[in-house]
Amino acid sequence: MRGALPNWGLTKGKGNWFHALVSSPASRHDQKNYIPTSFFDHHQKNITYLFSPITSNKIVRMKANAGTLTNFEVLDLLNSRGASNDTTRVIAPISTSEYTRLHVYDYLMETPACTQTQEIITNFSDQCKYFKLAKAEILNIINIRPSSTVNLAPILEEPSERGIDKKAKEGILKLVEALLPPPPIVEARGDNEEEETEEGEQS
Amino acid sequence: MFCLSEMEDTVRVPPDLLKLPLEVAIKKVLQKLLLNKVLSIGLCVTIYDIKSAEGGFVLPGDGPATYKVRFRIVVFRPFVGEVIAARFKESDSNGLRLTLGFFEDIYVPAPLIPRPNRCEPDPYNRSQMRWVWIFEEQEYIIDHSCQINFRVENISYPPVPTEQAEDAKPFAPMVITGTIDDDGLGPVSWWEGCSERNNEDDDT
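These numbers were taken from a predicted model, which means no experiment stands behind them.

Q: What is the right way to look at the overall build of chain B in this model?
A: A count of helices and strands for chain B gives two helices and 13 strands. Taking 17 Å as the expected radius of gyration for a compact globule of 204 residues, we find that chain B reaches 23 Å, considerably beyond that expectation. Principal axes of the C-alpha set define a box for chain B whose edges measure 75 × 45 × 25 Å. Out of the 204 residues belonging to chain B, those deemed buried represent 50%. Looking at charge distribution, chain B has the averaged site of its 21 positive side-chain charges lying 11 Å from that of its 32 negative ones.

Now the structure itself:
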């Protein structure tokens, strides 16, 4: 059927040019001033059209990466589409296409994203400019909300070589503490006690 | 871990959907086509919007109206180096398997588990192996008691197998390889309460 996709993927790996670009270490050190939801803009200029090598229905990938989204933005989108409406999930069986959406929603509600707002994120990424962090690192910090130096460690790449010393790390953590609301407290699987503390902007 | 992806495709809207507003009908067809499927760009989560739809011709001998649609979708595609919070799913002698609920093919192979470690048969679950990290005389077990933070090392899209043995694992079109061998990674309980100790170290 024209327009049908085999449900296991479009390509056998030959078209993964963007994958190589995205996964290169260089892309993480991009420190130019992009708006928060466009992390890898400089790659897009090289790409206009890409035809899928396998199927004959020619799905054209205009831009594989038209903008990276924080967890909060996706959660917001799902909320606006009514994913939080619990009654539909209980009454009707979940169709395959809803499965992913609802599980993504469930997953995101357990992350710090559920207590964030758009203003908080924009404010935070503006303030982060002072620390000269790569966009990927700011995204990581927003999604994970590290609460201590050790939680921040896997996010920062080569901090000593970039001049990010202990003082800078403490500064980043203070900013996180002040601007990003704490995540909900979720017990180990079984009990989902979400304690949403709306401490918001404490700065 | 989510990206927007802009795509263009030829969409056939079946006649029974044509009574709906065009945008709704096209979205329905796209959802059926793309949602929950792994494309080469990642796992499709939801349709973000439809930028343009042109055409609407009905070809001779064919019922559906054909539209050329430009749209954006939200895909799940983490980048290498992203730190993600996941839950433990199972483990065996090759390593760990983690899950995000909507995505379950995250593997942490044995070399990326912090050393020194050992793998022992799980006393609570006879069919599984359990990994234990040994650090400063203390043993840290990796199990499902809490969230596990891992960093993405690699994402691969294995080719579809033409034949599969009867008892082989279901085919995974997208596989994420992660590492927990770094400060702050692994089960979060390992790092709770050690912020005071770390403040004395100057080399973190």
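Q: Would you explain the nonpolar core in this entry?
A: In summary, soluble globular proteins display a tendency toward joint burial of nonpolar side chains. Ranked by internal contacts, the top residues of the largest apolar core, which has 72 residues, are Phe124 of chain A together with Phe2 and Phe76 of chain B. Counting residues per element, this core draws most heavily on helix α9 (residues 166–179) of chain A, which supplies six residues. Membership of the second largest hydrophobic core comes to 23 residues, among which are Ala64 of chain A together with Cys3, Cys44 and Tyr67 of chain B.

Q: I keep staring at helix α3 (residues 71–80) of chain A and nothing clicks. Help me out?
A: Three or four residues apart is the spacing at which side chains of an α-helix point the same way, because the helix has 3.6 residues per turn. Residues and elements named next belong to chain A. Most of α3 sits out of view: seven of its 10 residues are buried. Among the residues of α3, Asn71, Phe72, Glu73, Val74, Leu75, Leu77 and Leu78 are the ones counted as buried. Count one or two residues on from α3 and you reach Gly82, which has phi positive near 85°.

Q: Can you walk me through unusual backbone geometry in this structure?
A: With an omega dihedral of 0°, the bond running from Arg115 of chain B to Pro116 of chain B counts as a cis peptide bond. For Pro116 of chain B, the location among the structural elements is in the loop between β7 (106–109) and β8 (117–121). Unlike most non-glycine residues, Lys132 of chain A shows phi in positive territory, near 55°. One can find Lys132 of chain A in the loop between α6 (118–127) and α7 (135–144).

Q: Got a minute to help me understand the sheet that holds β8 of chain B in this structure?
A: In a beta sheet, neighbouring strands are held together by backbone hydrogen bonds and run either parallel or antiparallel to one another. All names here are of chain B. Strand order in the open sheet made by the three strands is β8-β9-β10, with antiparallel pairing throughout. At either margin of the open sheet sits one strand with a lone partner, and together these are β8 and β10 (138–142). On average, each strand axis in the sheet is inclined to that of its neighbour by 30°, with strand direction left out of account. Both strand β9 (residues 129–135) and β10 contribute to a ladder of five bridges, which runs antiparallel.

Q: Please explain the confidence of the model for chain A as it appears in this structure.
A: Segments scoring low in pLDDT should not have their predicted coordinates read at a detailed level. Residues and elements named next belong to chain A. Model confidence for chain A is summarised by a mean pLDDT of 64, while 54% of its residues fall at 70 or above. Predicted confidence in chain A is weakest over helix α2 (residues 41–44), with a mean pLDDT of 37, and strongest over α7, with 87. Contacts for the low-pLDDT stretch residues 1–57, under 50 throughout, to residues beyond four places or in other chains number 106 contacts. Contacts from residues 188–203, a stretch scored under 50 in pLDDT, to residues over four places away or in other chains number 30 contacts.

Q: Looking at this structure, how should I read α9 of chain A?
A: Residue and element names in this part refer to chain A. Between the first and last C-alpha of α9 there are 20 Å, a value that for 14 residues agrees with the 20 Å anticipated at 1.5 Å per step. Those residues of α9 that sit buried are Ala168, Lys169, Ile172, Leu173, Leu175, Val176 and Leu179. Projected onto a plane normal to the axis of α9, the buried residues spread over an arc of 155° and lie on a single side. The exposed set on the far side of α9, more than 90 degrees from its buried face, consists of Lys167 and Lys174. On the buried face of α9, the contacting elements are α6, α7 and α8 (149–152).

Q: Where do I start with the packing of α6 of chain A against α7 of chain A in this structure?
A: Between two packed helices, both the angle of their axes relative to each other and the distance between the axes serve to describe the pair. All names here are of chain A. Where α6 contacts α7, the axes come no closer than 11 Å and their chain directions differ by 140°. By the criterion of interaxial angle, the relationship of α6 to α7 is oblique. Handedness of the α6/α7 crossing: right-handed. Facing α6, whose interface residues are Ile121, Phe124 and Ser125, α7 presents Ile138, Ile141 and Ile142. Looking at side-chain class alone, the contact of α6 with α7 contains five nonpolar, one polar and no charged residues.

Q: In this structure, what is going on with the environment of Leu180 of chain A? I would like to understand it.
A: All names here are of chain A. Structurally, Leu180 is set in the segment after α9. Assessed through its relative accessible area of 0%, Leu180 is described here as buried. A sequence separation of 65 residues divides Leu180 from Thr115, and the C-alpha atoms of the two residues are 8.4 Å apart. Excluding anything up to four places from it in sequence, Leu180 contacts Gln116, Ile120, Phe124, Ile141, Ile142, Arg145 and Leu175.

Q: I keep staring at the pattern of salt bridges and nothing clicks. Help me out?
A: Should their charged atoms come close, side chains of opposite charge can pair. Residue and element names in this part refer to chain B. Counted by the stated rule, this structure contains 14 salt bridges over all chains. A salt bridge links Arg97 to Asp105; the nearest nitrogen and oxygen atoms lie 3.2 Å apart. Judged by its relative accessible area of 13%, Arg97 is buried. Among the ionic contacts, a cluster of salt bridges with common partners joins Arg118, Glu120, Arg130 and Glu139.

Reading the values: the criteria
- Residues numbered from 1 in each chain as written.
- Chains lettered and ligands numbered in written order.
- Predicted model: local features only at pLDDT ≥ 70, side-chain atom pairs only at ≥ 80, totals over all residues.
- Heavy atoms only, no water.
- Helix = DSSP H or I, 4+ residues; strand = E, 2+ residues; numbered from the N terminus.
- Rg over C-alpha atoms; globule rule 2.2 N^0.38 Å.
- Buried < 20%, exposed > 50% of the residue type's maximum accessible area, 1.4 Å probe, protein only.
- Lys, Arg positive; Asp, Glu negative; His and termini not counted.
- Charge placed at Lys NZ, Arg CZ, Asp CG, Glu CD.
- Core = buried A, V, L, I, M, F, W, Y, C linked by side-chain atoms within 4.5 Å.
- Pairing = 2+ DSSP bridges.
- Axes fitted to C-alpha atoms, helices over the stretch in contact; angles between N-to-C directions.
- pLDDT = per-residue confidence, 0-100.
- Contact = heavy atoms within 4.5 Å.
- Expected span 1.5 Å × (residues − 1).
- Arc of directions from axis to C-beta.
- Parallel < 35°, antiparallel > 145°, perpendicular 65-115°, else oblique.
- Left-handed = near helix turned anticlockwise from the far one by under 90°.
- Nonpolar A, V, L, I, M, F, W, Y, C, P; charged D, E, K, R; others polar.
- Salt bridge = Lys/Arg side-chain N within 4 Å of Asp/Glu carboxyl O.

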